[in-house]
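Letter by letter, the chains look like this.
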Amino acid sequence: MPRETGRKLIAQNKRARHDFFIEDTYEAGLVLTGTEVKSLRAGKANLTDGYASVEGGEVWLINVYIPEYSQGTWTNHAARRTRKLLLNRKEIGKLDATLKEKGLTLIPLSMYFKDGRAKIEIGIARGKKDYDKRQTLMEKQANREMSRAMSNAVRRRGGR
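Residues numbered from 1 in each chain as written. Predicted model: local features only at pLDDT ≥ 70, side-chain atom pairs only at ≥ 80, totals over all residues. Heavy atoms only, no water.

Novice: I keep staring at unusual backbone geometry and nothing clicks. Help me out?
Specialist: In most cases, non-glycine residues show a negative phi, while peptide bonds are predominantly trans. The phi angle at Asn 63 is positive, at roughly 65°, despite the residue not being glycine. Note that Asn 63 resides in the loop between strand S4 (58–62) and strand S5 (83–86). (Helix = DSSP H or I, 4+ residues; strand = E, 2+ residues; numbered from the N terminus.)

Novice: Could you clarify how one ought to interpret helix H3 (residues 89–99) in this entry?
Specialist: Spacing of three or four residues puts side chains on the same side of an α-helix, whose turn is 3.6 residues. Those residues of H3 that sit buried are Ile 92, Leu 95 and Leu 99. All buried residues of H3 fall inside an arc of 65° around its axis, so they share one side. Away from its buried face, by an angle of more than 90 degrees, H3 presents the exposed residues Arg 89, Lys 90, Lys 94 and Ala 97. Elements that come into contact with the buried residues of H3 comprise strand S2 (20–30), strand S3 (51–55), S4, strand S6 (104–114) and strand S7 (117–127). (Buried < 20%, exposed > 50% of the residue type's maximum accessible area, 1.4 Å probe, protein only. Arc of directions from axis to C-beta. Contact = heavy atoms within 4.5 Å.)

Novice: Sorry, what's going on with the nonpolar core here?
Specialist: The tendency in soluble globular proteins is for nonpolar side chains to be buried side by side. One finds Val 59, Leu 85, Leu 95 and Ile 120 to be the most contacted residues of the largest nonpolar core, which totals 27 residues. Once residues lying within four places of it in the same chain are set aside, the contact partners of Leu 95 are Tyr 26, Val 54, Val 59, Leu 87, Leu 106, Ile 122 and Ile 124. (Core = buried A, V, L, I, M, F, W, Y, C linked by side-chain atoms within 4.5 Å.)

Novice: Please explain the pattern of salt bridges as it appears in this structure.
Specialist: Any two side chains of opposite charge can pair, on the condition that their charged atoms come close. Applying the stated rule across the entire model yields 10 salt bridges. Asp 19 is the partner of Arg 15 in a salt bridge, and the nearest nitrogen-oxygen pair spans 3.3 Å. Here Arg 15 pairs with Asp 19, and both are found in helix H1 (residues 14–19), just four residues apart, close to one helical turn. When its relative accessible area of 47% is taken as the criterion, Arg 15 is described as partly exposed. Between Arg 80 and Asp 49 there is a salt bridge whose closest N-O contact spans 4.0 Å. In this pair, Arg 80 sits in the loop between S4 and S5 while Asp 49 sits in the loop between helix H2 (34–41) and S3, placing the two residues 31 residues apart along the sequence. (Salt bridge = Lys/Arg side-chain N within 4 Å of Asp/Glu carboxyl O.)

Novice: How should the side chain of Glu 36 be read in this particular structure?
Specialist: Tracing the chain through its elements places Glu 36 in helix H2. A polar contact of 2.8 Å, which involves the side chain of Glu 36, links it to the backbone nitrogen of Thr 33. In this structure the side chain of Glu 36 is engaged in a polar contact, spanning 2.9 Å, whose partner is the side chain of Arg 81. Setting aside chain neighbours within four positions, we find Glu 36 in contact with Val 31, Ile 66, His 77, Arg 81 and Arg 83. (Polar contact = N/O pair within 3.5 Å; in protein donor to acceptor, adjacent residues only side chain to side chain.)

The structure is reproduced here in structure tokens:
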């Protein structure tokens, strides 16, 4: 049987980019049980309430929801258990030093399979204020209107 290649998205935290400024991102492996992997292969996970923390030189993923596997037996996992993330020692040290700064947190951005292995993209984030969110929405809307106007102008010019 050929090995799985490429990247297959499982879950994405869309609220993260709306609620936070993402300053830096890291790719980490996950320590999972068998039923968790089977549940992820079915495409089920929720990252919205999750966050990560550095404790004792290790990075832990907290409050991420991976539902129980439907065909699992007594070996099934707890849906919101704390999971260990796999990062290099240098990356963990850098994360630990950065997170000591006030107002920064570590949040999951997306979960995916990369070449058959479960990975998670985590980001160092700073919370947005309400006026920052409004400003971001206004910029997005202005860009959308500008691109719409440009495409309409191109259509008109090409039709004549």
